[in-house]
Protein chains: 2
Amino acid sequence: MRKSLENSIIDAVLAEDLPNAAHQLTQSSPLDVVSIMGRVGAHHAAVIFRLLAKDRAAEVFELLEPGIQGDIVRTLGGEDVVMLFAQLAPDDKAALLDELPAAVAKRLLESLPFSDQRVTNVILGYPTRSVGRWANPRVVALRPHLPVDEALQLVRQQASWAETIYTIAVVSDSRQLVGVVGLRDLLCAQDSRLVEDVMSPAQFAHVTERAEDVARRVVAQDWLALPVVDREERLVGIFTVDDAGQVLTEEEDEDSARAGASEPLPRPYLATSVVNIVRSRVVWLMVLAASALFTVHVLEMFETTLEQKVVLAAFIPLIIGTGGNTGTQAATTVTRALALGEVRPTDVLTVMFREVRVGFLLGAILGAAALLLATLAYDVSTGVVIGSTLMAICMLAATVGSAMPMIARTLRVDPAVFSTPFITTFCDATGLLLYFVIARAVFGL
Amino acid sequence: MRKSLENSIIDAVLAEDLPNAAHQLTQSSPLDVVSIMGRVGAHHAAVIFRLLAKDRAAEVFELLEPGIQGDIVRTLGGEDVVMLFAQLAPDDKAALLDELPAAVAKRLLESLPFSDQRVTNVILGYPTRSVGRWANPRVVALRPHLPVDEALQLVRQQASWAETIYTIAVVSDSRQLVGVVGLRDLLCAQDSRLVEDVMSPAQFAHVTERAEDVARRVVAQDWLALPVVDREERLVGIFTVDDAGQVLTEEEDEDSARAGASEPLPRPYLATSVVNIVRSRVVWLMVLAASALFTVHVLEMFETTLEQKVVLAAFIPLIIGTGGNTGTQAATTVTRALALGEVRPTDVLTVMFREVRVGFLLGAILGAAALLLATLAYDVSTGVVIGSTLMAICMLAATVGSAMPMIARTLRVDPAVFSTPFITTFCDATGLLLYFVIARAVFGL
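None of the values given here were measured: they were computed from a predicted structure. (Residues numbered from 1 in each chain as written. Chains lettered and ligands numbered in written order. Predicted model: local features only at pLDDT ≥ 70, side-chain atom pairs only at ≥ 80, totals over all residues. Heavy atoms only, no water.)

**Remarks on the relation of the copies chain B and chain A**
With an axial shift of 0.0 Å and an RMSD of 0.1 Å, the rotation relating chain B to chain A amounts to 180°. This pairing of chains is accounted for by a two-fold axis. The share of interface residues of chain B whose copies in chain A are also at the interface is 98%, consistent with both copies meeting through the same surface. (Least-squares fit on C-alpha atoms with pLDDT ≥ 70 in both. Contact = heavy atoms within 4.5 Å.)

Given below as structure tokens:
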């Protein structure tokens, strides 16, 4: 929040006045430091990190995104890195190792005690983007037959080690999950009762489930944490609402970037180099430009028509713009509904039938307005051409736009990556085709 | 999850086989019922709700979104509604009242005991979208000088009444917030110590802060709950991570809809009528179509040029498509960075300077590819025209696209509502202007 202090530290670092910067950094909270490091490039972020006192540095390191942690690891040397790495929770260790070159990752992993290596390797063994990668193994687990007062004693003992003590797993002797109990319920129960009297039925996620699906469930059902089990329903870790928040923030980064025809940035905006911003956009831009070549082809097909009635060119942007917007509207709505579970791929026909009607109404409204305005500005024939083209393109674009995300979901591809280029290509080219066919019919060309 | 049961219930309701539907509903969990009600229109949702047993109905009602709660209230009669309403938490009462016509809201409010009315009215007094609307007044508050064992006793007593017992506020005699203590810390402290020995410095939100900003803070800092205070720093309620999750989901609904040129839907997709879907899109579509009239004007200005070289029309979609995509990319990236606090409106010049360079590199890559392809397909002059136009439009669109969201934030308008039409209008029209000016220069028209 203290922007002037933030800017002052950044200015000092850029001016290489390091003693000044170091002094001001002591007045910043760990989160302020993380924020500052997110506003400068990788090189200066490392400089800032090295100016921190040792204990401060460990606090800050834990709060950094894995990507920036990786940058730090690459610039720092041996012992400091090993110490910072060892202090991370097992799932955070795994996330950081993902960001490092194989040789560096191997060295770091082997710097750990063998038991920690094993735990970390188990996590790395789960598929990327699965909830197993996020679940912290440091979960409090109680036996069902334990009296409540002894249970609370155990919880107190594990409080500094555990990820959370507010949601506790109840397991059998073979560590299979048999129930879940909240600290609130334990605390309010009579001491003589048993854990199994107080616990609720086991809610859990399987270790290979997609982290995003589990995160949405946790948020939708107002849970604070969810036990994670393996194939034999044995407890392997716990996934907290904090984890859910991070997972969903990353998903939203990705979804919002792709809806805007780009890839998500690997670092905060001001910490990303111009070259990396270009990298996140250039492929999309080239693919979309290539798809525009279809429209070049269609327009060349109708070059004679254009020569005979040049004014038709004036409405090309309006036609393809309306098609693009209508298709995007439908795709956006359906993509969001899919993400929230309001709609499933099996609903595809229901959805398309709704969108055909939506497109019809939108096209009728827009077409009527265009018919009126174009008739006043030009003549009835032009009005009929533009009005009927808009109506047709709205119906087509809405239907196609709604179907694309659901086809994408069935093919297990990202809906935005799949939908946007396809909608643009298909609707633009088909829209122009319709436009000229109608124009030729109405004007007798 | 049990889709076949869900579909079977919906089929029974649509076929008006109500005894069958009622029987199957007894096998569904409250969340399943909420999901089912989200897949049918308002009328059938009300039918389903009336088939529920009384206690089941109360559970389900609490889980419904305020909008669907409002639908139910409007269809149900007197006593049932009063009872359902009275059971809601104070902030949920306020949210529901917002959804009702004034007369109905007044009647419901007056059905409450006077103290409950007062509490609810206080919440309604806060600005919409402020955190005060979300904060639950049922917060556990302790005095600093209380010994830990007595504190835990108090917490146990309030456990069934309080929104949460895991984050506890510490207040002075005048109810001013002096600190915050987690249940974990209380539980692990020695009984003889005092609350003030164990508590942390007060973290809080002001009652008039935007709920979205507070929600992002809660998620970013991994808090489970945050006390909310009024202007005199007196405790008024607590904002939990559950609340944060709901706030951010609603914000994302809105942001993702507007990025796709539409308004967010008021109900789940399948529960929204075709007419309401059209309502969420038609204004956007008309505004964007109206902005396309600028391009009609520009193209009419250059009608002579087009007559002389009709093939220029073939590249119009490519030119404006590239401008639109580049502008959207920049706007999307900057909008997201603003939402996450990575960038502030005061960074506008820094951001624009980055984007000018990004646009230059993108334009150079795209322009070079276009120059090459167009030269091969047509001739060097055409290649030069298209290549240089694409380069110019990329630089312009990226710069303008990045500035719009920051100007919007400064004017306190939604960045997407402000940016999308402006970028489309400006970039399309300017892009075509540049295109024809360059074409006339190169071809000597």
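**Let's talk about the sheet that holds strand β7 (residues 235-240) of chain B**
Strand pairing in a sheet is mediated by backbone hydrogen bonds. Such pairs are either parallel or antiparallel. All names here are of chain B. In space, the three strands of this open sheet follow the order β5-β6-β7, with mixed pairing throughout. Whereas interior strands pair on both sides, the edge strands pair on one side only; in this sheet they are β5 (205-206) and β7. Against the sheet, helix α14 (residues 211-220) contacts β5, β6 (225-229) and β7, and its axis sits at roughly 60° relative to β7. (Pairing = 2+ DSSP bridges. Helix = DSSP H or I, 4+ residues; strand = E, 2+ residues; numbered from the N terminus. Axes fitted to C-alpha atoms, helices over the stretch in contact; angles between N-to-C directions.)

**Details of the interface of chain B and chain A**
Opposite the 97 residues of chain B that make contact, chain A presents 95 residues. Between chain B and chain A, a total of about 8800 Å² is buried, with carbon and sulfur atoms accounting for 65% of that surface. The tally of links from chain B across to chain A stands at eight salt bridges. With its nearest N and O atoms 2.9 Å apart, the salt bridge here joins glutamate 355 of chain B to arginine 281 of chain A. (Buried area = accessible area lost by both parts, 1.4 Å probe. Salt bridge = Lys/Arg side-chain N within 4 Å of Asp/Glu carboxyl O.)

**Thoughts on the UniProt feature "domain: CBS" (unreviewed entry) in chain A**
This chain's UniProt record puts "domain: CBS" (unreviewed entry) on residues 135-198 of chain A. Along residues 135-198 of chain A one finds 33% helix and 20% strand; the C-alpha atoms at either end are 25 Å apart. (UniProt positions renumbered as here; feature names shortened; annotations may be inferred.)

**Some points on the packing of aromatic side chains**
One pass over the structure, following the stated rule, counts 13 aromatic pairs over all chains. An angle of 5° between the planes, with centres 6.4 Å apart, marks the rings of phenylalanine 418 of chain B and phenylalanine 422 of chain B as stacked. One end of the pair is phenylalanine 418 of chain B and the other is phenylalanine 422 of chain B, both in helix α21 (residues 415-443) and four residues apart, which spans about a single turn. We classify phenylalanine 422 of chain B as partly exposed; its relative accessible area is 39%. Between tyrosine 435 of chain B and phenylalanine 436 of chain B, the aromatic rings sit 5.2 Å apart at their centres with planes inclined by 55°, giving tilted as the arrangement. Here the two residues tyrosine 435 of chain B and phenylalanine 436 of chain B agree in accessibility, since each one is buried. Above the plane of the ring of phenylalanine 353 of chain A lies arginine 357 of chain A, whose end atom (NZ or CZ) is 4.4 Å from the centre. Positioned above the aromatic ring of phenylalanine 443 of chain B is the side chain of lysine 309 of chain B, whose terminal nitrogen or guanidinium carbon lies 4.6 Å from the ring centre. (Phe/Tyr/Trp six-rings, centres within 6.5 Å; stacked < 30°, edge-to-face > 60°. Buried < 20%, exposed > 50% of the residue type's maximum accessible area, 1.4 Å probe, protein only. Lys NZ or Arg CZ within 6 Å of the ring centre and 35° of its normal.)

**A look at the UniProt feature "transmembrane region" (unreviewed entry) in chain A**
Residues and elements named next belong to chain A. In the numbering used here, UniProt assigns the feature "transmembrane region" (unreviewed entry) to residues 282-299, 358-378, 384-404 and 416-438. Secondary structure content for residues 282-299 is 100% helix and 0% strand, and the end C-alpha separation is 26 Å. Helix makes up 100% of residues 416-438 and strand makes up 0%, while its end C-alpha atoms are separated by 32 Å.

**Some thoughts on the environment of isoleucine 48 of chain A**
Its location among the elements puts isoleucine 48 of chain A in helix α4 (residues 42-50). For the pair isoleucine 48 of chain A and alanine 22 of chain A, spaced 26 residues apart in sequence, the C-alpha to C-alpha distance is 7.9 Å.

**A closer look at the pairing of strand β3 (residues 177-182) of chain B**
Residues and elements named next belong to chain B. Of all six residues in β3, five are buried; the element is thus mostly enclosed. Taken together, the five bridges between strand β2 (residues 167-171) and β3 define a ladder with antiparallel strand orientation. Bridge assignment links valine 171 to a residue of β3, and that residue is leucine 177. Turn length for the β2-β3 hairpin, with the two strands adjacent in sequence and antiparallel, is five residues, and the turn residue arginine 175 shows positive phi of about 65°. In this sheet, strand β4 (residues 200-201) lies alongside β3 in antiparallel orientation, the contact comprising two bridges. Paired with valine 180 across the two strands is serine 200, which belongs to β4.

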